Amino acid sequence: MKKIFILLIIPLLLCGCSKKEETNANTNTISNKEEIKEDIDDTPKYVDLNNTPIGLYTLNGNTLTRLTTLNKTLKVEEDIGVFQIYPSNEDVVYLKDTFANSFYNEWIKYNPNNTIKLGFNIKFSLINGENISYNMLYPSETFIKWEYLMNYFYDDYANRGKGHYSHIENDEYTENTLYTAIKLQSSYQCNEINSPIKLTVFTYDTPDDFLDNEYRGNSQYTFTICVNGNCG
């Protein structure tokens, strides 16, 4: 009788071991899957395919010269300068047509479907240590920090053939508006600016070209306005 009892127990013990090993194996498999899942970052990586060349220039006759620095003493309500935007990475561009037509003909090479827009960023610091940075995508945003700098956008192409025309008002802005020039003017608190002014022009086509309100795309150009001899 003892022999029979022992023989009955042995298969049960063997079955128990087998089940336990299988459970451990399954546990290890689940654990490995969890580790793999944790290692995978499902967040889409930002890739900017927009490589439109862009620059800030001064226009003299039919010659565009790309800006790098500009020395300026700030005086209340005096112009700092009018700066032309042009889709090029060249230091000097010789125009074969009017600026307005030249801009448009060059621009549509990179933006035939009107999906790329232009914007600007301005950076400077104040005497109190505050660092200022703001983007301007629409005419209404030129009023940001208006107490330090007054900014104006122009569309030369829309006004081609006119001897004199004004800056773009917000109610005049449309999807076909082209920013071909920007004017900066000192405002009534300009003497509180205590650093160079960095003016950047950029092109963008999707909201993810901005992170924490900072442009992070490929298509941009910056030049420095040296305030009262301070170039940083």
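Cut-offs used in this document
Numbers given for residues are sequential positions, taken from 1 along each chain in its written order. pLDDT decides what is reported in this predicted model: residues at 70 or higher carry local features, side-chain atom pairs at 80 or more are listed and counted, and totals for whole chains, interfaces and linings draw on all residues regardless. As a rule here, side-chain values cover all heavy atoms of the structure and leave hydrogens and water aside. Salt-bridge detection follows one rule: a side-chain nitrogen of Lys or Arg within 4 Å of a carboxyl oxygen of Asp or Glu. Secondary structure elements are taken from DSSP: a helix is a run of H or I of four residues or more, a strand is a run of E of two residues or more, and numbering for both begins at the N terminus. Here's how the labels work: a residue is buried when its accessible area is under 20% of the maximum for its type, exposed when over 50%, partly exposed in between, all with a 1.4 Å probe on protein chains only. Being paired, for any two strands, means DSSP has found at least two bridges between them. Per residue, pLDDT captures the predictor's confidence, and it can take any value from 0 to 100. In what follows, a contact means two residues having at least one pair of non-hydrogen atoms within 4.5 Å.

## A look at the pattern of salt bridges
Link 1 in the chain: The full count for this structure, using the stated rule, is 5 salt bridges.
Link 2 in the chain: Measuring nitrogen to oxygen at the nearest pair gives 2.8 Å for the salt bridge that ties R66 to D91. Of this pair, R66 sits in strand β2 (residues 63-66) while D91 sits in the loop between β4 (79-86) and β5 (92-94), and the two are 25 residues apart along the sequence.
Link 3 in the chain: Between E214 and K123 there is a salt bridge; the shortest N-O distance is 3.1 Å. Here K123 lies in strand β6 (residues 117-125) and E214 lies in strand β12 (residues 214-215), a separation of 91 residues in the sequence.
Link 4 in the chain: With a relative accessible area of 32%, E214 lands in the partly exposed category.

## Remarks on the pairing of strand β9 (residues 181-186)
Link 1 in the chain: Taking burial as the measure, the 6 residues of β9 include 6 buried ones, the bulk of the element.
Link 2 in the chain: Along β9, one buried face is formed by A181, K183 and Q185 and the opposite face, lined by I182, L184 and S186, is buried too.
Link 3 in the chain: Two strands pair when backbone bridges link them, and β4 and β9 are joined in this way by 5 bridges, in the antiparallel orientation. Among the inter-strand pairings, Q84 is bridged to a residue of β9, identified as A181.

## Thoughts on the confidence of the model for the protein chain
Link 1 in the chain: Chain-level statistics for the protein chain give a pLDDT mean of 86 and a share of 81% at 70 or above.
Link 2 in the chain: The model gives residues 1-37 a pLDDT under 50, and that stretch makes 0 contacts with residues more than four places away or in other chains.

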